[in-house]
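Observations on chain architecture
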Amino acid sequence: MYISLDLETTGFDAENDRIIEIGAVKFKGNKIVERYQTIVNQECEIPEIITHITGISAEDTKKAPLFREVAEEFKKFAGEDTIIGHNIQFDLGFLRKGGVEFENKIYDTCALAPVLVNSPSYSLETLTENLGINHEKKHRALDDAIACMELFNILLARIEEISFPALEEIKMHILKSDWQFKDLFLKAKGSEKGTDKEEKDEKSEKEEKINLELTKKILEAFENQKNLICEAGIGSKRKKSLLSAAAIQAKKNHERIVISVYDKNSARELENLSDVETVILESNENYLSTKRFDDFKHKDFFDNDEIARLIKVLLWHKKAGEKSELNLNREERVVFDKISCDLVECDHSNPEIKDGCFFAQAREKAIDADIVITDHGFLLDDSLNQIPNYRYLIVDEADYVEKAGTIVKTFVPEILERRYPQDKILMLFGLLGIFFEKYNKENEFQLVMDEYHYRVIDWQRVHEAAANISPDLANIFTENYDEKTVNWIFQNQEGKICFKSARIDVKERIGQILKQKKSVVFASPTLQVDGSFDFIRTTLGLYENFDEIVYKNVLSENETVEVIPPERGMPMPNTEGSLAKCGEIIINAALKNNGKTAVLFTSQRSIEEMYKKTAIALKNKGISVLAQGVTGGQGKILDAFASRPEGHVLFSNFDLWSNSNIEGVSCLILTKIPFDHPMEPIFAANAKRFQDSFMEYSLPRTVIKFRQAVHKLIKANRGKTTVILLDTR
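Calculation notes
- Residues numbered from 1 in each chain as written.
- Predicted model: local features only at pLDDT ≥ 70, side-chain atom pairs only at ≥ 80, totals over all residues.
- Heavy atoms only, no water.
- Pairing = 2+ DSSP bridges.
- Helix = DSSP H or I, 4+ residues; strand = E, 2+ residues; numbered from the N terminus.
- Axes fitted to C-alpha atoms, helices over the stretch in contact; angles between N-to-C directions.
- Parallel < 35°, antiparallel > 145°, perpendicular 65-115°, else oblique.
- Contact = heavy atoms within 4.5 Å.
- Nonpolar A, V, L, I, M, F, W, Y, C, P; charged D, E, K, R; others polar.
- Buried < 20%, exposed > 50% of the residue type's maximum accessible area, 1.4 Å probe, protein only.
- 1 Å grid on protein atoms, 1.4 Å probe; cavity = no way out; pocket = protein on both sides within 12 Å on 5 of 7 lines; lining within 4 Å.
- Points joined across faces, edges and corners; volume = space filled by probe spheres on them.
- Polar contact = N/O pair within 3.5 Å; in protein donor to acceptor, adjacent residues only side chain to side chain.
- Salt bridge = Lys/Arg side-chain N within 4 Å of Asp/Glu carboxyl O.
- Core = buried A, V, L, I, M, F, W, Y, C linked by side-chain atoms within 4.5 Å.
- Phe/Tyr/Trp six-rings, centres within 6.5 Å; stacked < 30°, edge-to-face > 60°.

Below, the discussion takes up the sheet that holds strand β16 (residues 546-551). One open sheet accounts for seven strands, arranged β8-β9-β7-β10-β15-β6-β16; its pairing is parallel. This sheet does not close on itself; its edge strands, each paired only once, are β8 (278-280) and β16. Ignoring which end each strand starts from, the neighbouring axes of this sheet average 20° apart. Bridge analysis of strand β10 (residues 392-395) against strand β15 (residues 519-524) gives four bridges, and the strand direction is parallel. Looking at the pairing, Y392 lines up with S519 of β15.

Spelled out as structure tokens, the structure:
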């Protein structure tokens, strides 16, 4: 017998917030044996946003029993049965604070689901939607508990459907752990067929026509061994033209052409459009190594994260052995790093190791391919020449090169403790914290290292502590100042000391590539600022031997973009009346378009404030607000909007919008001009290189970001669209 439990609370902090509803069902298999539901009077205020989400008001709780009156009653209901819940430790923490302790066996569906289900988000709402579970009254305790029960039963069925051989191997490894779900797998019988199914990517529709002129210009650049900067938008069929030029050049000269793009989505799009042998090649750490995976499986003991991710990989149908085939969170990526290809450990001169390395297999395919597609980050960081030799290069989405090429690494104690001795990591970050407190005089939350900091004795102590752990950490916490790298210490939201390091030598690395290649083409729909390529030339170092060409967007009569400037008298951002006026415009636009609206913000705080201002009014009109970081994470809100843009408004930051292809948007609202924060370390370090940093760097970057946002709207949403500006600046 199981108990499925869910609580509704006034917030996320068990110390200061309160339980306002308890819902639970006692069940066996698919049959509900008994239900328990009560609203709880905690004699406290109910935040307006909680009432909006749950529908529970202060009036409802005043009529309800006090928590102490129902605590023992609920504990008796649960008895000694196994308790399940989605992110169950959240609920148990609130009950524990109220004096209700459980020693029952606990299962968390939020921890089990990622092992058995590949989903953009593992929120209960997204999982029930994707798995076809009836879940109408979301954010009500009893209904969420029932939905969790059904999810748990589906997960149990998934375990039973694992093939016999796979399940036997899982059981062998799981015995070396104390994982909470251990017994569920050990008692499973398995299936003859199993659940491993290859998911076939849907092929993108072929572009109707090739822009012959653009193809010809690229081929001329290749023929004359010149470089080319090209701005070509949607109407020019840019991607198909790039592929056509690459294919013709490859076939004509019997050599491979490399095309670099911003991310994996763009790479897949190009691959699906190509008519010749085309291979996507990523850096080695993105591929599974059979040798390292086998070594990992022979560990004496697995912690909970390791055994969960081990099972996920064992159940993963390895099409290409790529990390991108799995939807991994930060903790899961740490485990994958232990089993991915390492060019030191994976000796590819050994045929057995090479045959079992998916990176080696991908590279072999790339050697025989006509076109190799890679990403900007790998292109700029390929110091070991992992990309097979090539003479001609096309850099598409060139406006993202600076961003992708700025390699940022974050170092936090809990992650490093999994690789190095805990006591030494604690010592290192203890010294880092002392350094931060002593030298952080200007900014409360972060300290950007400058040349002076590397000379003081306190930093030498940090460096020595890092060197005492490993040479790699000694290089990260270096004792030498490097103007091509920006390092900073900061406190995260929990107040913990963390360290970030970023390489900002994109221009230098682009220069090295230009020296080595016969011809390089830089293309994108958004490269110009005020009709000039000067900004992209300056930031990437594209000075000599470059021709320029521009093709404007060609839109049909049904494809129009109306840009609406701020109303007269519109308050300046962050001034009195600004929030109310912006909220009014957002509500009106959402109602006019029946949802199908995306609103972009420059900070999380702005998203939260606008959600509070507009969500209830829109809900009363039948429109739901999907707010990043408020109603769910990125995967959850994008999945919900994609399933039904009608009746939904999306609140997100500019990065989420620019990194996603969000279809179904009729209206795009920009609440603020997306200027970079002057204190952001990478931006500040790059800005120092300009005499007039605002006019020469900050403003052009903002223009590019604005153009990128509008281009994303046009690309993913053919038809009549509207862009509304709310920033009077």
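Next, the rest of the story.
For the rest of this paragraph, the subject is the packing of helix α5 (residues 109-116) against helix α14 (residues 304-315). Axis angle and axis distance: for two packed helices, these are the angle between their axes and the distance between the axes, and together they describe the pair. Interaxial distance between α5 and α14 falls to 8 Å at its minimum, and their mutual angle equals 30°. Relative to α14, the element α5 is oriented roughly parallel. Where α5 abuts α14, its residues P114, V115 and L116 lie against A308, R309, I311, K312 and L315. Here the residues of the contact of α5 with α14 sort into six nonpolar, no polar and two charged.

Turning our eyes to something else, we now look at the pairing of strand β6 (residues 227-232). Among the six residues in β6, six count as buried, and that is most of the element. The two faces of β6 match: N227, I229 and E231 on one face and L228, C230 and A232 on the other face are all buried. Judged from the four bridges that link them, β6 and β15 form a sheet pairing that is parallel. What sits directly across from L228, in β15, is V521.

What follows is about empty space enclosed by the protein. A full pass over the atoms with the stated rule returns four cavities of 30 Å³ or more. Taken as a whole, the largest cavity spans an internal volume of roughly 200 Å³. Looking at the largest cavity, it is lined by 20 residues, and the ones nearest its centre are E397, Y400, S658, K712 and K715. Mapped by element, the contributors of at least two residues to the lining of the largest cavity are α12 (264-273) and α31 (693-716). By residue number, the principal contributor to the lining of the largest cavity is α31, which donates four residues. The calculated volume of the second largest cavity comes to roughly 50 Å³. In terms of lining, the second largest cavity is formed by R309, K312, V313, L326, L328, E332, V335, F336 and I339. Secondary-structure elements contributing two or more residues to the lining of the second largest cavity are α14 and α15 (330-337).

Turning next to α5. Counting buried residues along α5, six of its eight residues qualify, which places the element largely inside the surrounding structure. Listing the buried residues of α5 in full gives T109, L112, A113, P114, V115 and L116. Where α5 starts, the residue carrying a side-chain oxygen 2.9 Å from the main-chain nitrogen of C110 turns out to be D108.

Turning our eyes to something else, we now look at the pattern of salt bridges. Enumeration over the complete set of coordinates arrives at 41 salt bridges. In this structure, the salt-bridge partner of D547 is K226, at a minimum N-O distance of 3.2 Å. Taken together, the positions of D547 in strand β16 and K226 in the loop between α10 (212-223) and β6 put the pair 321 residues apart, joining distant regions of the chain. Given a relative accessible area of 35%, D547 falls into the partly exposed group. K264 is the partner of E282 in a salt bridge, and the nearest nitrogen-oxygen pair spans 2.9 Å. Placement of E282 in the loop between β8 and α13 (290-297) and of K264 in helix α12 is noted, with a sequence separation of 18 residues between them. An identical accessibility class is assigned to E282 and K264; each is buried. Among the charged side chains, a network of salt bridges with common partners joins K264, R268, E271, E282 and E322.

Formed by 87 residues in total, the largest nonpolar core has its most connected members in L116, I162, W179, F185, I311 and F522. The dominant element in this core, judged by the number of residues it contributes, is helix α7 (residues 141-160), at nine residues. Of all hydrophobic cores here, the second largest spans 28 residues; its members include L228, A246, V261 and A267.

Attention now moves to the environment of F690. Its location among the elements puts F690 in the loop between α30 (681-687) and α31. A relative accessible area of 15% places F690 in the buried class. For the pair formed by F690 and T538, sequence separation is 152 residues and the distance between their alpha carbons is 10.0 Å. Look past the residues within four positions of F690 in its chain and what remains in contact with it is T538, T539, E696 and Y697.

Within this structure, the stated rule accounts for 34 aromatic pairs. Aromatic side chains F429 and F477 sit 6.3 Å apart centroid to centroid with 85° between the ring planes, which places their arrangement in the edge-to-face category. Here F477 lies in the loop between α23 (471-476) and β13 (485-491) and F429 lies in helix α21 (residues 422-439), a separation of 48 residues in the sequence. By relative accessible area, F429 is classed as buried at 8%.

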